[in-house]
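# Results of the structural survey
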Amino acid sequence: MDEIRSVSTAKLPEIPDNLSIPQFQLDVADLTRPPRHANIPCLIDDATGKQVYFEELRSRTQGFANALSTLYSIGEEDVVLLFSRNHIDYPVAIWAVHRLGGIISPANPDFSRQELEFQLRATKATLLIIYPDALDVSTAAAKAVGLPLDRVLVFDVPNTSAGNLVTVDNLVQRGLRVKAFSERRLRPGEGKTKLAFLSFSSGTTGTPKDVAIPHIAVIANVLQLAAHSKLNEDYAEWKDRRYRPGDVAIGVLPLYHIYGLVVNLHFLLYCAMTVVVVPKFNFEGMLKSIVRHKITHLMLVPPQAVLLCKHPAVKKYDISGIRYIMVGAAPLSDEVNQKLFALFPDAHIGQGYGMTETCTVTSIWAIEHKRGISGSAGQLIPGVIARVVKTDGTLGGYNEIGELVVKAPSNALGYYSNAQATKDTFVDGYVRTGDEVRIAPDGELYIIDRIKEIMKVRGFQVAPAELEGTLLDHNDVSDCCVVGVPDDYSGEVPMAFVVLTVDAANRVKGKPEGLEGIRTSILKHVAGHKIGYKHLAGGVEFVESIPKTPSGKLLRRVLRERAKELKKA
Ligand code: 4UW
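Since we're looking at a predicted model, the values are computed, not measured.

## So, the confidence of the model for the protein chain
- Mean pLDDT for the protein chain: 95, with 98% of residues reaching 70 or above.
- For this predicted complex, the interface confidence comes out at an ipTM of 0.98, alongside a pTM of 0.97.

## Some details on empty space enclosed by the protein
- Taken as a whole and judged by the stated rule, the model has one cavity of 30 Å³ or more.
- Computed from the structure, the largest cavity encloses a volume of approximately 60 Å³.
- As for the largest cavity, its lining consists of Leu43, Asn86, His87, Pro91, Gly251, Leu253, Leu255, Asn264, Leu265, Val275 and Val277.
- Put simply, the parts of the chain that give the lining of the largest cavity at least two residues each are helix H8 (258-270) and strand S12 (274-277).
- Along the lines of polarity and charge, the residues of the lining of the largest cavity split into seven nonpolar, four polar and no charged.

## Observations concerning the pattern of salt bridges
- All chains considered together, the criterion is met by 34 salt bridges.
- Here Lys534 makes a salt bridge to Glu115, at a shortest N to O gap of 2.7 Å. In this pair, Lys534 sits in the loop between helix H15 (512-529) and strand S29 (540-542) while Glu115 sits in helix H4 (residues 113-123), placing the two residues 419 residues apart along the sequence.
- For Lys534, a relative accessible area of 4% gives the class buried.
- The closest approach of N and O atoms between Glu561 and Lys564, which form a salt bridge, is 3.8 Å. Remark: Lys564 and Glu561 occur in helix H16 (residues 556-568); sequence separation between them is three residues, near one turn of the helix.
- By relative accessible area, Glu561 is classed as partly exposed at 44%.
- In this structure Lys564 comes out as partly exposed when scored by relative accessible area, which is 36%.
- Each of the salt bridges in this network shares a partner with another, and the network as a whole consists of Glu76, Glu77, Arg184, Arg187, Glu190 and Lys194.

## Quick notes on the nonpolar core
- Judged by nonpolar contacts, the single largest core of 141 residues is most densely connected at Leu43, Phe64, Leu68, Ile129 and Tyr243.
- Considering each element in turn, this core owes the most residues, ten residues, to H8.
- Apart from residues lying up to four places away in sequence, Leu68 is in contact with Ser73, Ile74, Ala96, Val97, Leu100, Leu127 and Leu153.
- If you look at the next biggest cluster of nonpolar residues, it comprises 32 residues, including Val248, Ile250, Ala305 and Leu332.

## A closer look at the site of the ligand
- Not every one of the 24 residues close to the ligand is listed here, only the nearest: Met326, Thr356, Asp435, Lys452 and Lys456.
- The contact in question runs from a nitrogen atom of the ligand to an N or O atom on the side chain of Gln351, over 3.0 Å.
- Contact between the ligand and Thr356: an oxygen atom at 2.6 Å from a side-chain N or O atom of the residue.
- Relative to its unbound accessible area of 690 Å², the ligand is 99% covered by the protein chains.
- Counting residues per element, the ones that place at least two in the shell around the ligand are H8, strand S14 (324-328), strand S15 (348-355), strand S16 (360-364) and strand S23 (430-439).
- Tallying contributions element by element places S15 first for the shell around the ligand, with five residues.

## Notes on the packing of aromatic side chains
- Scanning all chains against the criterion turns up nine aromatic pairs.
- With a centroid separation of 6.4 Å and an interplanar angle of 10°, the aromatic rings of Tyr256 and Phe460 are classed as stacked. Linking Tyr256 in the loop between strand S11 (248-251) and H8 with Phe460 in strand S26 (residues 460-462), this pair joins segments that are 204 residues apart in sequence. Note on accessibility: Tyr256 and Phe460 belong to one class, buried.
- An aromatic cluster is built from Tyr243, Phe267, Tyr324 and Trp365, whose rings are joined through pairwise contacts.
- If you follow Lys209 out to its NZ or CZ, it ends over the ring of Tyr415, 5.4 Å from the centre.
- We note Arg242 situated over the ring of Trp365; from NZ or CZ to the ring centre the distance is 4.1 Å.

## A look at the environment of Tyr533
- With respect to the element layout, Tyr533 can be found in the loop between H15 and S29.
- Look at Tyr533 and you get buried, because its relative accessible area is 8%.
- With residues near it in sequence (within four places) discarded, Tyr533 still touches Asn108, Phe111, Tyr256, Val457, Arg458, Phe460, Gln461, Val462 and Pro494.

## Observations concerning unusual backbone geometry
- Positive phi values are uncommon outside glycine, yet Ala272 reaches one of about 65°.
- For Ala272, a relative accessible area of 1% corresponds to the buried category.
- At Asp428, a residue that is not glycine, the phi angle is positive and equals roughly 50°.
- Relative to the elements of secondary structure, Asp428 occurs in the loop between strand S22 (426-427) and S23.
- Residue Asp428 is classed as exposed on the basis of its relative accessible area, which comes to 66%.

## Section: the environment of Thr48
- Among the structural elements, Thr48 can be located in the loop between strand S2 (43-45) and strand S3 (51-52).
- Residue class for Thr48 comes out partly exposed when judged on its relative accessible area of 43%.
- With 221 residues separating them along the chain, Thr48 and Leu269 place their C-alpha atoms 20 Å apart.
- Within the structure, Thr48 has its side chain in polar contact with the side chain of Asp45 (distance 2.9 Å).
- For Thr48, the side chain forms a polar contact with the main-chain nitrogen of Lys50, separated by 3.2 Å.

## Concerning the environment of Ser333
- Here Ser333 lies in the loop between S14 and helix H11 (334-343).
- Between the C-alpha atoms of Ser333 and Val306, which are 27 residues apart in sequence, the distance is 9.3 Å.
- A distance of 3.2 Å separates a polar atom in the side chain of Ser333 from the backbone nitrogen of Val336.

## Describing the sheet that holds S16
- Taken together, nine strands build an open sheet; the order of strands is S3-S2-S12-S11-S13-S14-S15-S16-S17 and the sheet is mixed. Looking at strand neighbours, the two that pair on one side only are S3 and strand S17 (379-380), the edges of this open sheet.
- Each of strand S13 (297-300) and S14 is contacted by helix H10 (residues 302-310), which is oriented at about 125° to S13, the strand it contacts most.

The rules behind these values
In this convention, every chain numbers its residues from 1, walking through the sequence in written order. Confidence filtering applies because this is a predicted model: local features only for residues at pLDDT of at least 70, side-chain atom pairs given and counted only at 80 or more, and all residues used for totals across whole chains, interfaces and linings. Excluded from the side-chain calculation are hydrogens and water; included are all heavy atoms of the structure. Confidence scores per residue from the predictor, reported as pLDDT, run from 0 to 100. In this analysis a 1.4 Å probe is tested at points of a 1 Å grid over the protein atoms alone, and where it fits but cannot get out there is a cavity; an open set with protein on both sides within 12 Å along at least five of seven lines is a pocket; lining residues have an atom within 4 Å of a point. Grid points are joined across faces, edges and corners, and a volume is the space filled by probe spheres set on the points. Secondary structure elements follow DSSP: runs of H or I of four or more residues count as helices, runs of E of two or more count as strands, with numbering from the N terminus. Only Asp, Glu, Lys and Arg are considered charged, only Ala, Val, Leu, Ile, Met, Phe, Trp, Tyr, Cys and Pro nonpolar, and every remaining residue, Gly among them, polar. Each reported salt bridge corresponds to a side-chain nitrogen of Lys or Arg within 4 Å of a carboxyl oxygen of Asp or Glu. Think of it in three bands: residues with accessible area under 20% of the maximum for their type are buried, residues over 50% are exposed, and the middle band is partly exposed, with areas taken using a 1.4 Å probe on protein chains only. Here the nonpolar core consists of buried residues drawn from Ala, Val, Leu, Ile, Met, Phe, Trp, Tyr and Cys, with membership extended through side-chain atoms lying within 4.5 Å. When checking whether two residues touch, look at their non-hydrogen atoms; a contact exists if any pair is within 4.5 Å. We call a residue near a molecule or strand when any one of its heavy atoms sits within 4 Å of it. Any N or O atom pair separated by 3.5 Å or less is treated as a polar contact, with the protein-specific requirement of one donor-capable and one acceptor-capable atom, and with residues adjacent in sequence counted only for side-chain atom pairs. Accessible areas in this description were obtained via Shrake-Rupley with a 1.4 Å probe; residue shielding takes into account the shown protein chains only. A pair of aromatic rings is counted whenever rings of Phe, Tyr or Trp (Trp by its six-membered ring) have centres within 6.5 Å, and the orientation is called stacked for planes under 30 degrees apart, edge-to-face for over 60 and tilted otherwise. Over a ring means this: the NZ of a Lys or the CZ of an Arg is within 6 Å of the ring centre and within 35 degrees of the ring normal. Criterion used throughout: strands pair if DSSP finds at least two bridges between them. Axis definition: a line fitted to C-alpha atoms, over the contacting stretch in the case of helices. Angles run 0 to 180 degrees between N-to-C directions.

Rendered as structure tokens:
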């Protein structure tokens, strides 16, 4: 056997290759999508309760496109960097840029100045849109890369200051008074190559890279999910239908990450559902929102599911309206899964699995199963073709273990500015996932291990190579290796093995407090340059040397085992 396909009987419709994402989401009447009732909002702002209806979403997108085109000359291939928490105008910004032929590069809103600078430089962004709490970081980063401050815009958040910056709402209002932009239409086939997003991922190795996601990738994944969930089949008699117009999902997943962007935003809006937009995750805040907005759908990452199972505050709230919980982006333990089942006896609960490079969902639990099978990441969705590549390079069949390699209409094109990494990861139209899996004959996909270098900390990628670069900038570090160590809440956390410079080693010889000083200084150094989830929560361990192969490649596995032993001791 050389290929394994989805066992789903659902039929994937033809995927339009001549539509931009906003045209697909907002303009075309598509018979396969549930009709949106005029009285069902698309978005609700969790903080203010403001509701945004379909027509308003559409007109705001057009207004913003007008303003971006006339006042900022945004057009073909311009990259606009979105450095923001979730906001009701987040999709407005995305789709306005897309309507002009531009590209969106989303960034984590908690990034440090250095991390934002890196992404601004890498993408050559010509416009930056931020959330007001990032004024200082953003202006410093913009200055550092030479982006004029009049090209930094800010989303409107009540009771916050936008400094001297122009706000998005101000521009939308100005843009609504004119009709100036000309819609960037795609020629037949062009959707396959016209870029929509540059999202960052480390892939299987190295530092974060810009994943080139074309318009068709997002459209395809939405249609694959729709087919998988039989959204377009008349099964109205199923009271249990998974996604119904009027269902309300909590939007705590960050929209800058591919899971939130494609599933929580594009797919759920396609389902004519309502998404409650939450700028910053806070567990008890989420419980309150679940009650306030009568939430039916939770899209979560494993640590949030852990809180749901263990946090004492859960008992204080009536969350019985929840009938769907999807968890993914990192492994979910059997224990948590079982607890979820017990806590929500009537809900649909299961895992999804995906990756930035496959522009998102690769598998999700079957629509016919109310509950996913514990330990399984679900079944391949329609349109996905999988190969299981064994360690000897041959292809495995059902129940054989190997690296999952995936072909799908949603696959990204490669890494925009890294030809070598593209060659290594995107092979003959397939993406190497770096995940070790087994596919059972009934179609269930089990993720056995992660064979790639990256760690997943609370569902976020952390690239060891990136942290090793930062560590090497510290004066006392001559060599290092970063590995993940297991952690109950975060899944895993980074830990560093460090070799001191000869100077530093001499300085602290026989002085344990001196060594402690260096350890603290290293921890602070990383904390000063990197976002919170990349901090060395697993600690720093000093070693004489880093084990390497004769060709100089880090033997990361050896240190990963050492780290596990240290944690046990
Ligand atoms: N079990 C074990 C899982 C799982 C997993 C992902 O940051 P990225 O590039 O992308 C993501 C995407 C997550 C996602 C997308 C759509 C979806 O429906 C869903 O289900 C809830 C989740 O995280 O990291 C990709 C890597 O994250 C790991 C795996 O190593 C993968 O290559 N990963 N989902 N259920 N591991």
